[in-house]
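One letter stands for each residue in the lines below.
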Amino acid sequence: MTDAPLSMDATEPNAPPRSQWADVWAQFKAHRGAMWGAAIFISIVVLVVAGPWFYWNDPQLVPTGRDFLTLRDTRPIYTVLWEPDAKVSWLYPLGTDNLGRDTLGRLLIGGRISLAVGTAAMVLSVLLGTLIGVTAGYFRSFDGVLMRLTDLFLALPLLPLLLVAVLLFRDRLSGIFGPEGGTFILIVTLVGITSWMQTARIVRGDVLALKEREFILAARSIGTSPGKMISRHLLPNVMSPIMVSATLGIATAIITESALSFLGFGFPPDFPTWGKLLFDSVDRMELYPERVIWPGLLISLTVLSVNYVGDGLRDALDPRIRGR
Amino acid sequence: MLTYTFRRLIISIPTLLFISLVIYLLLELAPGDPMAQVPLTVPPDVKEKMREALGVGQPIWIAFPKWLYQFFVVEPMYFSDAVFGTSFAEGQQRVISWQSRSPVMDIVIQRLPQTLWVVGVAYVVAIAIALPIGIYSAYRQYSWFDNAGTFITMVGFSVPPFFSGVVVIVVFSVWLGWFPSIYDTTLVVDSWESFKKQLQQMIMPVMVLALQITSQLSRFMRASMLDNLNQDYVRTARAKGLGEKTVVLVHVLRNSLIPVVTVIALGIPAIFGGAIITEQVFKVNGIGQLLITAIQANDLPMVQTLTFIFAVLIVLFNLIADILYGILDPRIRYD
């Protein structure tokens, strides 16, 4: 048995090598909900980013004089199905609001802002969370302080503090960056610095576990500097939890922004975001339910699809589940 | 266990003091003036006197300890006076709201029952729905029931309360006309008729809050059941001939409930925060709505006290969750 030379063919793998990301993609594809979520999320993004270039109505235009009277309170075209004499127009597929502004156009523009806020706040929160998590996990001397800080943030009543902070800094920042830019920066910063705690905890735990592994010992034995150690060896290995919390972070940020807008603490008037559009229409929802339904539906659909993508990513990036 | 509880209680005191300082410093920066609502005919020097009387513009090393003293010493004294008929708080200054010039805690106690009713009922309903769903989904993993449950919980997770609230108002109160869209807090329940009314107006807010809590809890319950269903002790229980019902509902369920109970405890303060939005949608004048109006009116003592009460709830329920975990799971040793 032992003297027979091993043929090279037996050790040769018979399939071409697969990269890690190909495996991840294969697992992700198998998750039906995640694929649907990704498809819906991408189409919402494309619609919202490219839509306003192709759409014919100006969302900010407030008609005056006779136009105002003929255009205001147009119903969506599908209203004809159950209300034949409703005021509809093919030029305004989703109708207009009480000032005669086009609803679909405002939804598209509002979506841009909501998604931009969500993405920017997510980036900020993930950066902060990763920075704090890696620092606390890698440098023992910072661990105690940073984790107490994390616990403290988790114990803060965030929604009340967010409301107070918006009220505090809105005018000051609006003075510097203009009403829209100021509110954008304010909301992104506030959402970012109040949602990094989960990421930091997960990253810290993973870094602590990784630090005990042999490859870290090997890297240290050849004199790798802490900076290189983190960027070359630790960060790539904690990428998967970071990606998952980044995905879920978009959902949280969009919801927080809409909640702030809904409570009247968001962007200035006549600056649409989905939450703001919903808030503005609540008073007249008995007469025009569609103005409430559409923005709310878009928020929910975006968040739902993002959550499904996050779920799929979590499964796909976990090597223990992969290939099952 | 007792020493652990005691140690945690001691640690939570500096935490809470620090949080109250953070809230205070943040509010110190507030740009508004509580005298903004006073008519312009009031002369400036009178306004200045009124500000002084309210304690506006006092330096922080006077104002903050004063608030602490009033909140932690005077208010409990008043409470004991009111309940036991003692007279500790004779002539002591309480925390006064700038908006209504009446003691903050009195208003909070007026508003608390509305919030507690809605939130409490929603929480009980949600637990009653979530646990069976979670158990059955885990027991029949990947069945159609499980898949449908997963989808519904995902939806409940993703739909924000300000949208689900609005949708149920449009459907049940505008189209169907079954329930009132505004919560009437002046309703006194003294007969079957008014009890029915109370039920009707509570259904929608409770539904909205319960949907959210149910989706979180049932997902957690399912995950916890799945963790336990593959354990060795389950095989042992089946091997010694116990019925399927006993195995799942006694052996597995009791073990899986341990983390779920702590999550239920941890979720209570978050529910109070989430109720802010639900209260706003259904116009329930509970403490969430009180907070919003106080923020808009620059009523700093009210905002400070309410935010601090929220913080106390969070710290307290974190502690309760940890202690419960230690009591329920004998494998956990804190000492």
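Note that the structure is a prediction, hence the values are computed from the model and not measured.

The next subject is the overall build of chain A. Tallying secondary structure elements over chain A gives 14 helices and zero strands in all. Put simply, chain A runs from its N terminus to its C terminus through helices and strands in the order α-α-α-α-α-α-α-α-α-α-α-α-α-α. For 324 residues, the compact-globule formula gives about 20 Å, and the C-alpha radius of gyration of chain A, at 25 Å, lies well above that figure. With the C-alpha coordinates of chain A rotated into their principal frame, the extents come out at 95 × 50 × 30 Å. Every one of the 324 residues in chain A was classed for burial, and the buried ones make up 49%. The long-range fraction of contacts in chain A, counting pairs at least 24 apart against all pairs at least 6 apart in sequence, stands at 71%. Of the roughly 16600 Å² that chain A leaves accessible, carbon and sulfur atoms contribute 66%. Here chain A contributes 28 positive and 27 negative side-chain charges, whose respective centroids are spaced 5 Å apart.

Attention now goes to the interface of chain A and chain B. Taken residue by residue, the interface counts 36 residues in chain A and 40 residues in chain B. Taken together, both faces of the contact between chain A and chain B bury some 3400 Å²; the carbon and sulfur share is 83%. When the buried surface of chain A facing chain B is broken down by residue, A:Leu152, A:Leu168 and A:Phe262 rank first, second and third, together holding 14% of it. Summed over the shared surface of chain A and chain B, the number is one salt bridge. Note that B:Arg219 and A:Asp311 form a salt bridge whose closest N and O atoms lie 3.7 Å from each other. Our count for the contact surface shared by chain A and chain B stands at one residue pair in polar contact (both at pLDDT 80 or more). Of all elements in the fold, only helix H6 (140-155), helix H7 (158-177), helix H12 (239-262) and helix H14 (289-317) of chain A reach the threshold of two or more residues within the side of chain A that touches chain B. In terms of residues, the side of chain A that touches chain B owes the most to one element, H14(A), which gives 12 residues.

This part is about the environment of A:Thr302. Residue and element names in this part refer to chain A. Relative to the helices and strands, Thr-302 is located in helix H14. In this structure Thr-302 comes out as buried when scored by relative accessible area, which is 0%. Considering only alpha carbons, one finds Thr-302 and Arg-66, 236 residues apart in sequence, at a separation of 38 Å. With sequence-adjacent residues up to four places away left out, Thr-302 is seen in contact with Phe-41, Ile-44, Leu-115, Ile-254 and Trp-274.

Moving on, we get to the packing of helix H10 (residues 214-221) of chain A against helix H11 (residues 226-234) of chain A. How two helices pack is summed up by the angle between their axes together with the distance between the axes. All names here are of chain A. The contact between H10 and H11 brings their axes to 11 Å, and the two run at 145°. In the packing of H10 onto H11, the handedness of the crossing is right-handed. On H11, the residues that touch Phe-215, Ile-216, Ala-219 and Arg-220 of H10 are Met-229, His-233 and Leu-234. For the contact of H10 with H11, the residue count by class is five nonpolar, one polar and one charged.

Moving on to the pattern of salt bridges. Under the criterion given, the structure shown has nine salt bridges over all chains. Put simply, A:Arg148 and A:Asp151 hold a salt bridge, and the shortest N to O gap is 3.2 Å. Residue A:Arg148 and its partner A:Asp151 are located together in helix H6, separated by three residues, close to a single helical turn. With relative accessibility at 28%, the residue A:Asp151 sits in the partly exposed group. For B:Arg222, the salt bridge is made with B:Asp146, and the minimal N-O distance between the two is 2.8 Å. Here B:Arg222, found in helix H7 (residues 192-229), pairs with B:Asp146, found in helix H5 (residues 144-158); they are 76 residues apart in sequence, far enough to count as distant. When its relative accessible area of 1% is taken as the criterion, B:Asp146 is described as buried. Overlapping salt bridges, with partners in common, bring together A:Arg148, A:Asp151 and A:Arg201 in one network.

Attention now goes to helix H3 (residues 32-54) of chain A. One turn of an α-helix holds 3.6 residues; hence residues three or four places apart share an orientation. In this model H3(A) runs 32 Å from its N-terminal to its C-terminal C-alpha over 23 residues, within 8% of the 33 Å that 1.5 Å per residue would give. Looking at the buried residues of H3(A), the elements they touch are helix H2 (20-30), helix H5 (103-138), helix H13 (274-281) and H14 of chain A.

Bringing unusual backbone geometry into the picture now. All names here are of chain B. Positive phi values are uncommon outside glycine, yet Tyr-142 reaches one of about 65°. Within the element layout of this structure, Tyr-142 appears in the loop between helix H4 (104-139) and H5. Unusually for a residue other than glycine, Lys-283 sits at a positive phi of about 55°. Residue position: Lys-283 is located in the loop between helix H9 (244-282) and helix H10 (287-296).

What follows covers the side chain of A:Ser300. Note that A:Ser300 resides in helix H14. Leave out the neighbours within four places in its chain, and A:Ser300 touches B:Ser158, B:Val159, B:Pro160 and B:Phe163.

A few words now on the packing of H5(A) against H6(A). All names here are of chain A. Here H5 crosses H6 at 135°, and the two axes come no closer than 6 Å. Classed by the angle they form, the pair H5 and H6 counts as oblique. The two elements H5 and H6 meet at a crossing, and its hand is left-handed. Along its contact with H5, which presents Ile-132, Thr-135, Ala-136 and Tyr-138, the element H6 presents Arg-140, Phe-142, Asp-143, Leu-146, Met-147 and Thr-150. Tallied by class, the residues present in the contact of H5 with H6 amount to six nonpolar, two polar and two charged.

Next up on the list: a nonpolar patch on the surface. Residues and elements named next belong to chain B. A cluster of nonpolar side chains, contributed by Ile-13, Leu-17, Tyr-69, Phe-72 and Val-73, occupies part of the molecular surface with about 430 Å² of accessible area. At the level of elements, helix H1 (2-28) and helix H3 (60-84) are the ones that each hand at least two residues to the nonpolar patch. Per element, the largest residue contribution to the nonpolar patch is three residues, and it comes from H3. With respect to the secondary-structure elements, Tyr-69 resides in helix H3. Relative accessible area serves as the criterion here: at 40%, Tyr-69 is assigned to the partly exposed category.

Attention now goes to the side chain of B:Arg111. Looking at where B:Arg111 falls in the secondary structure, it is placed in helix H4. Although B:Arg111 is buried, it makes no salt bridge; B:Glu279 carries the closest opposite charge, 6.9 Å away.

A separate point is the environment of A:Gly249. For A:Gly249, the position within the fold is in helix H12. Along the backbone, A:Gly249 and A:Val123 are 126 residues apart, and their C-alpha atoms lie at a distance of 8.5 Å.

Take H3(B) next. All names here are of chain B. In this model, H3 (25 residues) spans 34 Å end to end at C-alpha, consistent with the 36 Å of a helix rising 1.5 Å per residue. Residues Ala-63, Phe-64, Trp-67, Leu-68, Gln-70, Phe-71, Val-74, Glu-75, Ser-80 and Asp-81 constitute the buried set of H3. Where the residues of H3 are buried, they touch H1, H4 and helix H11 (300-328). Within two residues after H3, Gly-85 carries a phi angle of roughly 75°, on the positive side.

Reading the values: rules and limits
- Residues numbered from 1 in each chain as written.
- Chains lettered and ligands numbered in written order.
- Predicted model: local features only at pLDDT ≥ 70, side-chain atom pairs only at ≥ 80, totals over all residues.
- Heavy atoms only, no water.
- Helix = DSSP H or I, 4+ residues; strand = E, 2+ residues; numbered from the N terminus.
- Rg over C-alpha atoms; globule rule 2.2 N^0.38 Å.
- Buried < 20%, exposed > 50% of the residue type's maximum accessible area, 1.4 Å probe, protein only.
- Contact = heavy atoms within 4.5 Å.
- Areas by Shrake-Rupley, 256 points an atom, 1.4 Å probe, with all protein chains shown as cover.
- Lys, Arg positive; Asp, Glu negative; His and termini not counted.
- Charge placed at Lys NZ, Arg CZ, Asp CG, Glu CD.
- Buried area = accessible area lost by both parts, 1.4 Å probe.
- Salt bridge = Lys/Arg side-chain N within 4 Å of Asp/Glu carboxyl O.
- Polar contact = N/O pair within 3.5 Å; in protein donor to acceptor, adjacent residues only side chain to side chain.
- Axes fitted to C-alpha atoms, helices over the stretch in contact; angles between N-to-C directions.
- Left-handed = near helix turned anticlockwise from the far one by under 90°.
- Nonpolar A, V, L, I, M, F, W, Y, C, P; charged D, E, K, R; others polar.
- Expected span 1.5 Å × (residues − 1).
- Parallel < 35°, antiparallel > 145°, perpendicular 65-115°, else oblique.
- Patch = residues over 30% accessible without salt bridge, like charges linked within 9 Å, V, L, I, M, F, W, Y side chains within 5 Å.

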